[in-house]
Amino acid sequence: MYITEFTAKQIPQAQRLVLAEYRVLQSKLPWLPEITAAPNLDDFAANQLGVAALEGGCLLGFLCCSNPFPDAFHTTGAKGSFTPLHAHAAIEQDRAGLYDHLYQAAARKWVAAGIVSHAICFYSHDQVSLEQFFWNGFGMRCLDAIKENTAVPDPQPALASYYEVAKTDLTSLLAMQNQLIAHLGNSPCFMKYAAMSEERFLVANEENYFFAAQTRGKPVAYLRFSMEGENFISNCGKVINISGAFCLPEFRGSGIIDQLLDFSANFWYRRGYRLLGVDCESINPTARRYWLKHFTPYTYSLVRRIDEKAAGCTDLLPQG
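Summarised in this report is the structure supplied together with it. (Residues numbered from 1 in each chain as written. Predicted model: local features only at pLDDT ≥ 70, side-chain atom pairs only at ≥ 80, totals over all residues. Heavy atoms only, no water.)

This next bit is on the pattern of salt bridges. Taken as a whole and assessed by the stated rule, the structure comprises eight salt bridges. In this structure, the salt-bridge partner of D126 is R95, at a minimum N-O distance of 2.8 Å. On the criterion of sequence distance, the pair formed by D126 in the loop between β6 (117-123) and α4 (127-135) and R95 in helix α3 (residues 95-112) is long-range, its members being 31 residues apart. An identical accessibility class is assigned to D126 and R95; each is buried. In this structure, a network of salt bridges that share partners links the residues E21, E92, R95 and D126. (Salt bridge = Lys/Arg side-chain N within 4 Å of Asp/Glu carboxyl O. Helix = DSSP H or I, 4+ residues; strand = E, 2+ residues; numbered from the N terminus. Buried < 20%, exposed > 50% of the residue type's maximum accessible area, 1.4 Å probe, protein only.)

Shown next, in the form of structure tokens:
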């Protein structure tokens, strides 16, 4: 076995590995959508930040990342990259060892390019790979979860009334959005970013859908839905994705958010969506506890932050 740069020549074999790994997940969650074509990998070959493990011309595994971006995880000053679910895969035989060699070679490239925040998404059932990256200094940051969407009785308005929020009424949710931002900035999340103005809130949510619970004429909880999710499964067109949620503290535990979830799920069920997805910061215990009561996690995203003093060091690269 030898490690080399990931190139366009290896894409067909890499896509077969990606689909094979999805089939393992599908065997555990048989109601997942049928996906017959792996996502395009051209960009990962083009940016020359990926690596491949080869033996006799056969691809054993590969590990790529996105083009680097500034301020990974909000105004941190760290240059980051993300390896989505389809940008890596490996055969089962000596999987841990393969990923160990792949990450060592890839990280050498990434840090030499100044990338010090490494984020990688794995299937939640892939304990071998998860453990190997824990050994390599990674910790969990995010998760994707999913559930079958089945018709349930619409909630009775004893606790609240439930409705789809019109685009012209979105700013009625701005105060709750900024309470969510404040919550995420506190312990243990420490995700610090600025409160939203009305203009920024409207621009950021032009393509999203909101549902809210209302009592005494005021919204007290909302769910935000997006057509696009965080991975190729949630983007397959058969999944509607919850991408934001908030309930005022005084209404938590009342059942309002559960009923709002039922109301909005029924809305999407009537429109043909049989799967609901959600992504959340696993470092947010409020969100984590709630969503894992209702949804099955299927991906975990791991993150490692490298000492910035190593960034850009060309002596990290192998000598020719």
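Okay, back to it.
Our next topic: the sheet that holds strand β12 (residues 275-281). Read across the sheet, nine strands follow the order β4-β6-β13-β7-β12-β11-β10-β9-β8 without closing on themselves; strand pairing throughout is mixed. Two strands lie at the open edges of the sheet, namely β4 (80-83) and β8 (161-164), each paired on one side alone. For this sheet the average axis-to-axis angle between neighbouring strands, irrespective of direction, equals 25°. Here strand β7 (residues 139-148) pairs with strand β13 (residues 296-305) via seven bridges, running antiparallel. If you follow M140 over to β13, its bridge partner there is L302. (Pairing = 2+ DSSP bridges. Axes fitted to C-alpha atoms, helices over the stretch in contact; angles between N-to-C directions.)

Let us now look at the pairing of strand β10 (residues 218-226). When a strand is regular, its side chains alternate between the sheet's two faces. The element β10 is extensively covered by neighbouring structure, given that eight of its nine residues are classed as buried. Here strand β9 (residues 209-215) runs beside β10; their pairing, made up of seven bridges, is antiparallel. Bridged to Q214 within β10 is P219. Linkage of β9 to β10, two consecutive antiparallel strands, is achieved through a turn of two residues, within which R216 is found at a positive phi near 50°.

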